[in-house]
Each structure stands twice: as C-alpha cells, then as structure tokens.
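# Structure at a glance
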Amino acid sequence: MNKVPFITKEKAQEIAQTYPTPFYLYDEKGIRENAKAVKEAFSWNRGFKEYFAVKATPNPVLIQILKEYGCGCDCSSMTELMLSRAAGVIGENIMFSSNETPAEEYAYAAKLGAIINLDDITHIDFLEGILGALPETMSCRYNPGGVFKMSNGIMDNPGDSKYGFTKPQLFEGYRILKGKGVKNFGIHAFLASNTVTNEYYPVLAKELFELAVELEKETGADIKFINLSGGVGIPYEPGKEANDIRVIGEGVRKVYEEVLVPAGMGDVAIYTEMGRFMMGPYGQLVTKAVHEKHTHKEYIGVDACAVNLMRPAMYGAYHHITVLGKEEEACSHKYDVVGSLCENNDKFAIDRMLPEIEKGDFLVIHDTGAHGHAMGYNYNGKLRSAELLLKEDGSVELIRRAETPKDYFATLDCLEVYDNLGR
Ligand SMILES: *Cc1c(COP(=O)(O)O)cnc(C)c1O
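Residues numbered from 1 in each chain as written. Predicted model: local features only at pLDDT ≥ 70, side-chain atom pairs only at ≥ 80, totals over all residues. Heavy atoms only, no water.

## A word on the overall build of the protein chain
Counting its regular elements, the protein chain contains 13 helices and 19 strands. At 23 Å, the protein chain has a C-alpha radius of gyration in line with the 22 Å of a compact globule built from 423 residues. Overall size of the protein chain, expressed as C-alpha extent along the three principal axes, is 70 × 55 × 45 Å. Burial statistics for the protein chain: of 423 residues in total, 50% are counted as buried. For the protein chain, the share of sequence-separated contacts (at least 6 apart) that also reach a separation of at least 24 residues comes to 70%. Surface exposure of the protein chain reaches about 18700 Å², of which carbon and sulfur atoms provide 49%. (Helix = DSSP H or I, 4+ residues; strand = E, 2+ residues; numbered from the N terminus. Rg over C-alpha atoms; globule rule 2.2 N^0.38 Å. Buried < 20%, exposed > 50% of the residue type's maximum accessible area, 1.4 Å probe, protein only. Contact = heavy atoms within 4.5 Å. Areas by Shrake-Rupley, 256 points an atom, 1.4 Å probe, with all protein chains shown as cover.)

Right, dumping it as structure tokens:
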C-alpha cells in the first residue's frame, strides 16, 4: 500500500497558521469510502452491524460519520458510553464489551439499553445483583485458549489473554442465563490483533459458527448474533498489501453458508467491532522539525512526542513518515526522528532513511487514525494535540481543540494552581 499524505506542504503551512503543529488530520473522504465498503462487503447478511471500537478514535464527529453508514459503537468504559450517547448512538446500537467492569458502568450501559457482552461467568451474578433482572439480550465473550493458527502460521495466543469464558464456562453460562430469563443470545471472540490477511475473519467465523451450532443444540439458547469483534489490521509498512474487505466479507459468507445455514441458523446476524480497520489509514499526525542534532547519531527533533502518538515507544511500531514538499527526493539521510520527552524511547523512527530534513519542514506520520491520539497522555506535562477533519471540499474543521495548560491543571482545583500563575 502506497503511503500518500492527505495534504501538500502549502496546505500544511496554511492550516498551521490557524492550528499550530502538532495536529491530527483525518480524511473524511477515506473514512466514508471505507465505511461504505465495509457495509457492502457484509450486505449479504441482513442483520450485519459494525460496532466501531470507540477506544480507537473517541471523537463524536467521526462516530457520527460512521453512524451514517449504519455503524454503532463498541464501548468498554463509562466515558466511552457517555461519548457514544453524545454522538446519538444509544440502545442496541451500543455493544458494551468491557472487562473487570465496575458496577456503575454496567448500570449505565443497561440504562442506555446497550447490549451487554459479559467477559466472565462470575459477572452473571454480579450484573443480576446490580440490575435486579437481566436484560433479555445478552452476549458472552469466548476464549478457546491455546494458540490461534492460520495457514500462514501461528497468529496469536488466546491462552495468554485475560479475556473471555472457557468453552465449558460458555455452555454453563448460557444455561444459567437461560434459566434467568435471557431470551436472545450472542457470542463474541477477539482472538488475534492487527491481522493483515483476508483469512482472519473467515477462520474465526468458522470456529464461532461451529460453536454456535453446538451451543444452540445443547443449551437450547436462541443465538441471534455472532460478533467477530476487532483485529482486522492495516499494513503500516509501505508496499505491503492491505486487507480487502470484500474478500473478507465473501469468506465469512462462505463459512456461514457451510455451517450456519444447514443447521437452520441462516438468520443469525454478523456483528463486527473494528477500530483500526475503520480509522487507522485515515488519520495522519502532522508535526514540524524544530531541531537537528549531530552527536553519535543524526537526530531530527519534532514538536510532537510520544504523548501524541505512543505506538512507536510502546510497541516499537513502525509508522511511515513523509517529509512534505520532498516526496520525490531521494532518501539519502539516516535519522532518528525524536520527540521532547525525557524518555529515550520517545522516537517516531530509528535509523530511518529520509530526504534531508531542514528545520521548519513538516513531517507526516502515517496510519495514526486509530489508537493514535486516543492513547495520548500527559507525561512531562506535555499537552495533547488538536484533531482536525479534512473535509471532502478541502476545508478543515476543528473536531477537538488542543489541550492548554489550564486543562492540565484542571484537576488541581484544590490548589488553584492555575489561578496562582496569575494568568
Ligand atoms: C480493541 C478492541 C476492538 C478493536 O480492535 P481493533 O484491533 O482496533 O480492530 C474491538 N473489540 C474489543 C472488545 C476491543 O477491546
């Protein structure tokens, strides 16, 4: 996949006059085209719904764009529920897939009419204690343990993951829920992360469909939906082939027709909870080179740092970088591109070959639309950047302002720190 910046150098200069770097820029056109493709890829399934994983990009303006394509919200905390509600997504358009859930969050999810997806069998009693009676529709998260394999080798390690019910717990849980009056059932599983292969959903779907047939036969539970959750990935490296959502949708259809239809379960709805695939490629972090340093290595210091994008520091994740205005220049210089934290892992790129960078150059950090701004934090007293939407007509809308010192000090109201600064 070719990595193309959403904007030119001139456009970046123009935007930066109103909204100083660093800022996140989201491409409305790309978001819309992709959301439409997802919808079409699963249009063969009458009940299909994508519940956008809010944690990936918790911005109500973006959630509302996805809502136009029939998307709901996958939430896992109080504030994500509140955000979803603020974006006008309520009721069964919310999937509450949480874990180690506080009582008040379950109560609020139930109040909004969200579908509750339990992470553990002990939460049946916990939830009943909070609500008095269980909702008519309930889902359980499944964890088969072991390793999750596809034809290209081992993909992930569910046996090491804290989430979900074991298989025997799932059968027991369904019986208990049925006994407590639950009428509509769902199954959920998230078994591999950032999969860049069209095979993941179909392989997962086959496993869940076979399980659903068994569960319905043995417990008599009426299974209404199967939630394939997230994990559909994007290629962060240039030149790597992206997933094709049409091929993925067709792959799921094939196993649906092989397994569910013959079992008389041809009315089961397919749900997804994609985050990365929905937003990842459609966000870019724009930052400016502010320093260059020549010591034991060549460093370019930029005005963004790991608080604005944590993935490289946290996972060693690769994010492609383009120097605006130098797209066609040879990558003749080897740099570490670094932020200003007092942490040596604050590096957006290590030993990266790039065109010669001068102070004042704009750098675009690609594929930061999911798990980017959302993972921001305030270490070293650094502030989080603005989020901007690049609209289809080329104009730019501020969809989250940058933090100010006042925001940083807001939780110290007992000390009136900000007032004492005399500002
Ligand atoms: C994180 C998460 C997702 C989204 O994952 P992506 O890899 O961004 O698609 C979906 N569901 C649950 C329960 C999650 O925790």
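The discussion continues.
## Here we look at the layout of surface pockets
Quantified by volume, the largest pocket comes out at close to 860 Å³. Contributing to the lining of the largest pocket are 32 residues, with Lys55, Arg141, Tyr163, Phe190 and Ser193 lying nearest its centre. Grouping the amino acids of the lining of the largest pocket by side-chain chemistry returns ten nonpolar, 14 polar and eight charged. (1 Å grid on protein atoms, 1.4 Å probe; cavity = no way out; pocket = protein on both sides within 12 Å on 5 of 7 lines; lining within 4 Å. Points joined across faces, edges and corners; volume = space filled by probe spheres on them. Nonpolar A, V, L, I, M, F, W, Y, C, P; charged D, E, K, R; others polar.)

## Examining the environment of Ala192
The residue Ala192 is located in the loop between strand S9 (184-188) and helix H8 (200-219) in this model. Overall, Ala192 belongs to the buried group, its relative accessible area being 1%. As for Ala192 and Asp361, which are separated by 169 residues in sequence, their C-alpha atoms are 38 Å apart. The residues touching Ala192, leaving out its near neighbours within four places in the chain, are Phe148, Met155, Asp156, Tyr200, Gly230 and Gly231.

## Description of the pattern of salt bridges
Following the criterion strictly, the structure yields 28 salt bridges and no others. A salt bridge links Lys36 to Glu40, with the nearest nitrogen and oxygen atoms 3.5 Å apart. In this pair, Lys36 and Glu40 both sit in helix H2 (residues 28-41), four residues apart, roughly one turn of the helix. The exposure class assigned to Lys36 is partly exposed, which follows from its relative accessible area of 44%. Among the charged side chains, a salt-bridge network with shared partners connects Glu28, Arg32, Glu68 and Glu392. (Salt bridge = Lys/Arg side-chain N within 4 Å of Asp/Glu carboxyl O.)

## Digging into the site of the ligand
Lining the immediate environment of the ligand, one finds 14 residues, of which Lys55, Glu273, Gly275, Arg276 and His371 sit closest. The backbone of Arg276 places a nitrogen or oxygen atom 2.8 Å from an oxygen atom of the ligand. In isolation the ligand has 390 Å² of accessible area, and contact with the protein removes 90% of it. Using a 2 Å cut-off from the grid points, one finds that the ligand occupies the largest pocket. Grouping the amino acids of the shell around the ligand by side-chain chemistry returns three nonpolar, six polar and five charged. (Near = heavy atom within 4 Å. Polar contact = N/O pair within 3.5 Å; in protein donor to acceptor, adjacent residues only side chain to side chain. Sits in = over half its atoms within 2 Å of the grid points.)

## Let's talk about the state of the cysteines
Summed over the entire model, instances satisfying the criterion amount to zero disulfides. No disulfide involves Cys73; its sulfur sits 5.2 Å from the nearest other cysteine sulfur, which is in Cys75. Under the relative-accessibility criterion, Cys73 is labelled buried at 1%. (Disulfide = S-S within 2.5 Å.)

## Observations regarding a negative patch on the surface
Negative charge collects at one region of the surface, where Glu292, Glu298, Glu329 and Glu356 lie side by side. Assignment of secondary structure puts Glu292 in strand S12 (residues 283-294). Classification of Glu292 as partly exposed rests on a relative accessible area of 37%. (Patch = residues over 30% accessible without salt bridge, like charges linked within 9 Å, V, L, I, M, F, W, Y side chains within 5 Å. Lys, Arg positive; Asp, Glu negative; His and termini not counted. Charge placed at Lys NZ, Arg CZ, Asp CG, Glu CD.)

## A short note on the packing of aromatic side chains
The geometry of an aromatic ring pair is captured by the separation of the ring centres together with the interplanar angle, meaning the angle of the planes. As enumerated under the stated definition, the model contains 13 aromatic pairs in all. Look at Phe148 and Tyr200: their rings are 5.5 Å apart centre to centre, the planes differ by 75°, and that puts the pair in the edge-to-face class. With Phe148 in strand S7 (residues 148-150) and Tyr200 in helix H8, this residue pair connects regions lying 52 residues apart in the sequence. Residue Phe148 is classed as buried on the basis of its relative accessible area of 3%. Here the aromatic rings of Phe225 and Tyr271 are separated by 4.6 Å at their centres, their planes lie at 25°, and the arrangement is stacked. In this pair, Phe225 is assigned in strand S10 (residues 223-227) and Tyr271 in strand S11 (residues 269-272), connecting sequence segments 46 residues apart. The exposure classification of Phe225 matches that of Tyr271, with both residues buried. Connected via pairs of aromatic rings, a cluster forms that spans Phe42, Trp44, Phe48, Phe209 and Tyr256. A cation over an aromatic ring shows up here: Arg141 above the ring of Tyr163, its NZ or CZ 4.2 Å from the ring centre. Sitting above the plane of the Tyr236 ring, Arg311 keeps its charged end 4.4 Å from the centroid. (Phe/Tyr/Trp six-rings, centres within 6.5 Å; stacked < 30°, edge-to-face > 60°. Lys NZ or Arg CZ within 6 Å of the ring centre and 35° of its normal.)

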